[in-house]
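# Examining the three-dimensional arrangement
Below are the chains, spelled out letter by letter.
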Amino acid sequence: TSTYPIPTFFKEVMLRMPNLKVLDLRFAFPAREVEDDLLELFSGLPRLRKVILPIYTFTTKIVEKLSTLQELGTIQFEFMQTQGSGDITDVMHFDPQLQQGAFPVLADLSLSAQLVDATWFLCGSFTPSNLTSLYVHTLSLASPGEVSDFLTAVTDNCQLLVRLFLDFFTSPEIRSDPDSPPVTWQTLRPVLSCANLVEFEVRWDKAFVITQEDVEEMAAKWPSLETLLLNCEPMHVPTPPSLDLRALVPFARHCPKLVELGLYLSGTVEFDTTDVGLVKPFKSLQRLCLGTSPITEPGPAALFLSQLCPLGCDVFSGITWPDGFAIRDDVVDEAALEELNRQATAWFDSWKEVSRTLPLLTQLRVQERDRRAALERELEDLKIRCRLMSDRLSV
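A brief report on the enclosed structure follows. Throughout, a residue's number is its position along its own chain's written sequence, starting from 1. The predicted origin of the model limits local features to residues at a pLDDT of at least 70 and limits the giving and counting of side-chain atom pairs to 80 or more, whereas totals for whole chains, interfaces and linings rest on all residues. Calculation of side-chain values draws on the structure's entire complement of heavy atoms; hydrogens and water are dropped beforehand.

### Some thoughts on the pattern of salt bridges
Quick reminder of the rule: Each salt bridge in this description consists of a side-chain nitrogen of Lys or Arg and a carboxyl oxygen of Asp or Glu lying within 4 Å of one another. Helix and strand definitions here come from DSSP, where helices need a minimum of 4 consecutive H or I residues and strands a minimum of 2 consecutive E residues; each element is numbered from the N-terminal end. Burial here depends on accessible area, computed with a 1.4 Å probe over protein chains only, as a share of the maximum for the residue type. Under 20% is buried, over 50% is exposed, and the range in between is partly exposed.
Inspection of the entire model under this criterion finds 15 salt bridges. For R32, the salt bridge identified is with D87, shortest N-O distance 3.2 Å. Linking R32 in the loop between strand 1 (22-24) and helix 2 (35-43) with D87 in the loop between strand 3 (74-78) and strand 4 (108-113), this pair joins segments that are 55 residues apart in sequence. R32 gets classed as partly exposed once you look at its relative accessible area, which sits at 46%. Exposure remark for D87: the relative accessible area of 21% places this residue in the partly exposed category. Note that R47 is salt-bridged to E71, the shortest N-O span being 2.7 Å. On the criterion of sequence distance, the pair formed by R47 in the loop between helix 2 and strand 2 (50-54) and E71 in the loop between helix 3 (60-66) and strand 3 is long-range, its members being 24 residues apart. Judged by its relative accessible area of 31%, R47 is partly exposed. Look at E71 and you get partly exposed, because its relative accessible area is 25%.

### Quick notes on the side chain of T60
The line we're drawing: Each polar contact in these results corresponds to two N or O atoms within 3.5 Å; when the atoms are within protein, one needs to be able to donate a hydrogen and the other to accept it, and residues that are neighboring in sequence are counted only if both atoms are side-chain atoms.
With respect to the helices, strands and loops of the structure, T60 is situated in helix 3. Here T60 falls in the buried class, since its relative accessible area comes to 17%. A polar atom in the side chain of T60 sits 3.0 Å from the backbone nitrogen of D95.

Shown next, in the form of structure tokens:
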């Protein structure tokens, strides 16, 4: 403000708190207006370990300066309105030139950039090599090839990565295209090469095209998976899902550590479910996120899920992206938007009914399994007794 200028405030911070560890700045104006002052502030706080800024404020120069801080472990931005926001034009071109020794201990990095720029950043000579968590908010629609290149760059250069988030979280400044080519499993497949990855989340504008065979491969080759949210709430719906409830079975079979699973699938049960009881249920699943997945009859879906979900597993549906994001008048007409709202409300109510009845059905399944196990133990005991009696009679 005119009474207390920002440069003065920054100088006071450097003077009074030179050993500051965590810096959380909240403002609502372009980063370029205070970029030089921010660079000076970071130079005066060499002990920083965590920096949180508004979205669209980690510019090329700011990231270059942060790369020199020897103790910096976390670079983060927030979408929350209370955090503020910069100007998207400040980060549309992102090309930090890092020097040897850059980011020696950086483990958690959040970027808002073009996906191509993020890919080049990860492929640089002195890219952060100790990342365990990476969040990339892409600023424009990326082609399937660009997504595949990015994931390949991640697997080649971030071998310690544990958590990966890829977010095409559109806003009034970012245009979505319902006619763009869809992302397929072949696009995402490079992520399997991340040996330490246990959490993978993707949010995209269009539904992914993934087959049951793709899901079988994904689950079989990723037994350490703990969280998978695979675009369960695409922004352009209704797009017929390429998966149905059978997609859950491979994860129950192969991923014992899975805690949270999110898929876009059809909740209609149009197949024989008698053999699903032979599959072991999820061991650790706590949240099943179905986003905007369509469903017609909640009863059959609840019966099916009761065979797979453990007690205490919650079923969630609906959207987490704010009103007005991606679904805009220049993308979908009013009639399509009204139809979307009508169908989404029906799907949400049906999934709520599934969520309401699932605990009781699951409890019944557990009791059935316990009784079956008790009968099997009793039968085995009888077999042993019969063998013993037969042996005595032979003697």
